[in-house]
Amino acid sequence: ITAAHVGKELPIAYVKPEQHPESPFLPKLQLASGEFVLGSNSICQLLTQKPADAAMEQWLELEESCLHERAVAWFSSLGEVGNFSAESIATSREKTLQFFAHFNTAIGSRRYLVNDALSVADIAVWSSLFPVVGSELLPGLDVDLSAYPNLTRWVADLLEEPCFKAGLARVAPNAASRLLPCLREAKVLPVKGQRNVLITSALPYVNNVPHLGNIIGCVLSADVYARYCRSRGINTVYVCGTDEYGTATETKALQEKTTPAEICTKYNLIHADIYKWFGCSFDAFGRTSTDKQTEICQEIFWALEKQGAIVRDGMEQLYCTACERFLADRYVEGTCPMAGCGYTDARGDQCDKCGKLLNAVELVEPHCKICNATPEIRRTEHLFLDLPKLGDELSAWVDKAAVAGNWDENAKSIADGWTKGDKLRTRCITRDLKWGTPVPLPGYESKVFYVWFDAPIGYLSITAHYTDKWRQWWQNPENVELYQFMGKDNVAFHTIIFPASLLGTKLPWTMLHHISSTEWLNYEGGKFSKSRSTGVFGDDAKGSGVPSSVWRFTLVANRPETADTNFSWEDLAARNNNELLNNFGNFVHRTLLFCSSNFDGRVPGGVPGPAETAFIASVNERLKAFIENLDACSLRAALGEVLAVSRLGNGYFQEQQPWALAKSDKERCGTVITTCVSLVHLLAAIVSPFMPEVAAQICGYLRMDAPRIPDEFTLCVPANHLLGKSQPLFTKMEDAQVNELRERYGGVDQWTLD
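Not measured: the values here are computed from a predicted model.

## Some remarks on the sheet that holds strand β6 (residues 310-320)
Reasoning step 1: The 4 strands lie next to each other as β7-β6-β11-β12, forming an open sheet whose pairing is antiparallel. Of all the strands in the sheet, just β7 (325-326) and β12 (427-428) have a single pairing partner and so form its edges.
Reasoning step 2: Bridging between strand β11 (residues 376-385) and β12 involves 2 bridges; their strand directions are antiparallel. Among the inter-strand pairings, Phe 384 is bridged to a residue of β12, identified as Cys 428.
Reasoning step 3: Taken strand by strand, helix α12 (residues 291-306) contacts β6 and β11, and its axis lies near 125° from that of β6.

## A few points about empty space enclosed by the protein
Reasoning step 1: Inspection of the entire model under this criterion finds 4 cavities of 30 Å³ or more.
Reasoning step 2: Each pocket or cavity is described by its volume, and for the largest cavity that value is around 100 Å³.
Reasoning step 3: If you trace the largest cavity, you find 15 residues lining it, with Gly 246, Thr 247, Arg 330, Tyr 450 and Val 451 closest to the centre.
Reasoning step 4: When contributions to the lining of the largest cavity are tallied by element, the ones reaching two or more residues are α10 (247-256) and β14 (448-449).
Reasoning step 5: Looking at the lining of the largest cavity residue by residue, the class counts come to 9 nonpolar, 2 polar and 4 charged.

## Notes on a nonpolar patch on the surface
Reasoning step 1: On the surface, a cluster of nonpolar side chains totalling about 340 Å² of accessible area is made up of Ile 12, Tyr 14 and Val 171.
Reasoning step 2: On the secondary structure map, Ile 12 appears in the loop between α1 (2-6) and β1 (28-30).
Reasoning step 3: Accessibility expressed as a relative area gives 43% for Ile 12, which makes it partly exposed.

## Side note on unusual backbone geometry
Reasoning step 1: In this structure, Glu 365 takes a positive phi of about 50° despite not being glycine.
Reasoning step 2: In this structure, Arg 703 takes a positive phi of about 55° despite not being glycine.
Reasoning step 3: With respect to the helices and strands, the residue Arg 703 is situated in the loop between α26 (692-702) and α27 (735-745).
Reasoning step 4: For Arg 703, a relative accessible area of 24% corresponds to the partly exposed category.

## Things to note about the packing of helix α13 (residues 387-404) against helix α14 (residues 409-419)
Reasoning step 1: Running from amino to carboxyl end, α13 crosses α14 at an angle of 155°, the nearest separation of the two axes being 9 Å. Taken together, the axes of α13 and α14 are roughly antiparallel relative to one another. Where α13 crosses over α14, the handedness of that crossing is left-handed. Of α14, the residues touching α13 (which contributes Leu 387, Leu 394, Ser 395, Val 398, Asp 399 and Ala 402) are Lys 412, Ala 415, Asp 416, Trp 418 and Thr 419.
Reasoning step 2: Looking at side-chain class alone, the contact of α13 with α14 contains 6 nonpolar, 2 polar and 3 charged residues.

## Considerations on the nonpolar core
Reasoning step 1: Membership of the largest hydrophobic core comes to 173 residues, with the highest contact counts inside it found for Trp 551 and Phe 626.
Reasoning step 2: Top contributing element to this core by residue count: helix α25 (residues 666-687), with 13 residues.
Reasoning step 3: Setting aside residues no more than four positions away along its own chain, Phe 626 makes contact with Tyr 228, Ala 638, Glu 641, Val 642, Ile 686, Phe 690 and Ile 709.
Reasoning step 4: Formed by 34 residues, the second largest nonpolar core is a distinct cluster that contains Ala 52, Val 120, Leu 129 and Leu 168.

## Let's talk about helix α7 (residues 162-171)
Reasoning step 1: All of the buried residues along α7 are Cys 163, Phe 164, Gly 167 and Leu 168. All buried residues of α7 lie within an arc of 125° about the axis, which places them on one face of the element.

## A word on the pairing of strand β3 (residues 196-201)
Reasoning step 1: Extensive coverage of β3 is indicated by the burial of 6 of its 6 residues.
Reasoning step 2: With burial as the criterion, each face of β3 is covered, one bearing Asn 196, Leu 198 and Thr 200 and the other bearing Val 197, Ile 199 and Ser 201.
Reasoning step 3: Bridging between β3 and strand β4 (residues 235-242) involves 5 bridges; their strand directions are parallel. Among the inter-strand pairings, Leu 198 is bridged to a residue of β4, identified as Val 237.
Reasoning step 4: Where the polypeptide runs from β3 across helix α9 (residues 212-231) and back to β4, its parallel neighbour, the crossover connection is right-handed.

## Considering α27
Reasoning step 1: Regarding α27, the residues found buried are Val 738, Asn 739, Leu 741, Arg 742 and Tyr 745. Taken down its axis, α27 places every buried residue within 160° of arc, on the same side. In α27, the exposed positions that point more than 90 degrees away from the buried face belong to Ala 736 and Glu 743.
Reasoning step 2: The inward-facing, buried residues of α27 contact β17 (521-523), α19 (538-542) and α21 (569-599).
Reasoning step 3: Once α27 ends, the next one or two residues include Gly 746, with phi positive near 85°.

## What about the pattern of salt bridges?
Reasoning step 1: This structure, assessed with the given rule, holds 34 salt bridges.
Reasoning step 2: Note that Glu 333 is salt-bridged to Lys 369, the shortest N-O span being 3.6 Å. Here Lys 369 lies in the loop between β10 (364-368) and β11 and Glu 333 lies in strand β8 (residues 332-335), a separation of 36 residues in the sequence.
Reasoning step 3: A relative accessible area of 17% means that Glu 333 is categorised as buried.
Reasoning step 4: Through salt bridges with shared partners, one network takes in Asp 399, Lys 412, Asp 416 and Lys 420.

How each quantity is defined
Residues numbered from 1 in each chain as written. Predicted model: local features only at pLDDT ≥ 70, side-chain atom pairs only at ≥ 80, totals over all residues. Heavy atoms only, no water. Pairing = 2+ DSSP bridges. Helix = DSSP H or I, 4+ residues; strand = E, 2+ residues; numbered from the N terminus. Contact = heavy atoms within 4.5 Å. Axes fitted to C-alpha atoms, helices over the stretch in contact; angles between N-to-C directions. 1 Å grid on protein atoms, 1.4 Å probe; cavity = no way out; pocket = protein on both sides within 12 Å on 5 of 7 lines; lining within 4 Å. Points joined across faces, edges and corners; volume = space filled by probe spheres on them. Nonpolar A, V, L, I, M, F, W, Y, C, P; charged D, E, K, R; others polar. Patch = residues over 30% accessible without salt bridge, like charges linked within 9 Å, V, L, I, M, F, W, Y side chains within 5 Å. Areas by Shrake-Rupley, 256 points an atom, 1.4 Å probe, with all protein chains shown as cover. Salt bridge = Lys/Arg side-chain N within 4 Å of Asp/Glu carboxyl O. Buried < 20%, exposed > 50% of the residue type's maximum accessible area, 1.4 Å probe, protein only. Parallel < 35°, antiparallel > 145°, perpendicular 65-115°, else oblique. Left-handed = near helix turned anticlockwise from the far one by under 90°. Core = buried A, V, L, I, M, F, W, Y, C linked by side-chain atoms within 4.5 Å. Arc of directions from axis to C-beta. Right-handed = clockwise from strand over helix to strand, strands pointing away.

Listed below in structure tokens is the structure:
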């Protein structure tokens, strides 16, 4: 594979093990001098003539220590084909599955392991994974690949790279046709008797680039929770995608002088690329402008029609005589009519200031966004969801779900405002547009479904693209818990409109269990504005030079869970320098460096004493709080507990003074360092939902597979375990760098870290 990657021809000769008894199972490269280079990784690095950087070395070390030796052990245990050493397979199985879990978390949605480019690390890890996940010679492994969707997706994606196809064609020509369908079919499905969690992020509008507030408001928050669930061994699927139908897309197409379909394709790729850089681990990231969306949306409509939940009525709508068209809500702006608001840039469907849902005809002094003319009111026929008819059932469901799912007070009050107030009126679900899911009812062929009837159904259609067994997730209320993440402006749609659309069908849908909504994230005291070059958008973050892990950490630490919060460059730098570099990173690096310097990189072991008993108890208090907070989707508080654990580690390190014990009591010093290394292992687990790449780095330094988040902290790293080479996890952000970034993206005057 590597030879094909670098464009070199290599003749291959198969030799018997007895011809090279000193290393019978290692591949060898014979040089022109007659000398041999041993080992696939060394050969590949020689062929590419590129030195391995720190990240690549970590993956190569992990591959050699955790995977390569296991594959070799299996094949070296074979006599005749199919004649296995059952003991060898049983011994390796658990460790192999631990590696699978670590890799599945570490790779996330990325295509390559290092620097967004194919490298020797990809080839080495893939080549050792290939016989394990793809060989018909290993039935004793008996692995359910659906538990590792990121791993199987990565293996399958690389299998389609030209150099992989060329390499396999020489040594295993039928492998791709046999393995690829198996990998593509490995999907996560609910398991009866286990906990199954279905997670959705509000579908971002496709017509723009998401800013930091959009990212933490739904996509990143949902990713943190999904990673947590997987690390706790919960059967989890995380679904997201771009919301592509409606007026917003038509408007953007007009602005860019192209078609709505071309706009959707362009921005779907932009969104996917940004979320990939942020490390979002979607099981399915899709789009709503698909045939599957049309099929499922129309299915739900017909079920509602059958149950008498659809009514026909006329409505007054704004018509622009200059444009000769009825104006959809987002083609209209004006002054909000609500008492005490008066926001002059309210949209035709909602006011961004007071959050009230509006009808365009209610706006004061409306104007057409296309030509700025004043529209007139005309009557047009539409279809409506009969919310009053569904009111009692909807109200009872809200009361029950809010308690069972522990909804926050904001979500509960918004939902109660509808079900216990006077807001349950018939709700129009069609629009006079061309770009949308077509209405299948005779007489309404020129209309499409309104985006807020259509868009939430995107969760279902995207899942249906992920697996044709999507109903096992979406029509399985007894076995599946639905968690939905969004900004506060979407709460009414997810607690009223979408649930009512499902309840009205009388079909057994999986209904909302827990809703996690955020307030607004502001930028340097103001609003994000792409047009004014103010604020950090997803593509800006990617090009800022600040690692994605630092962005993830800062956004979660500043997540607007109960009130609006503010992003500032001062806060980003302070968190990086104080919380990550000086606290978390300092403890990890000083521990591993001390072990390397004083114990030759081997965990010394030792007998815990009273100090360790008290320390372990303190850590377990924080670990318990961490788990409770994440179970409740309190992401900020849970992240605070991660930092509390690392502070405990720094405090223990300082109190025990291992630098002095190394001279006076080496055995006691060994106990202290073993305790600290075990805490580093725990930190890798609990930081993984927030900073998965940092967790993977730590596991590389430890030469250990990624641990699941445990119920209790124990001294789990065995004595004499050999650590890898470690480096600092974070670097300091200097004043000049921060001021340059603020100037580039807009903000207040310069400042200094002091």
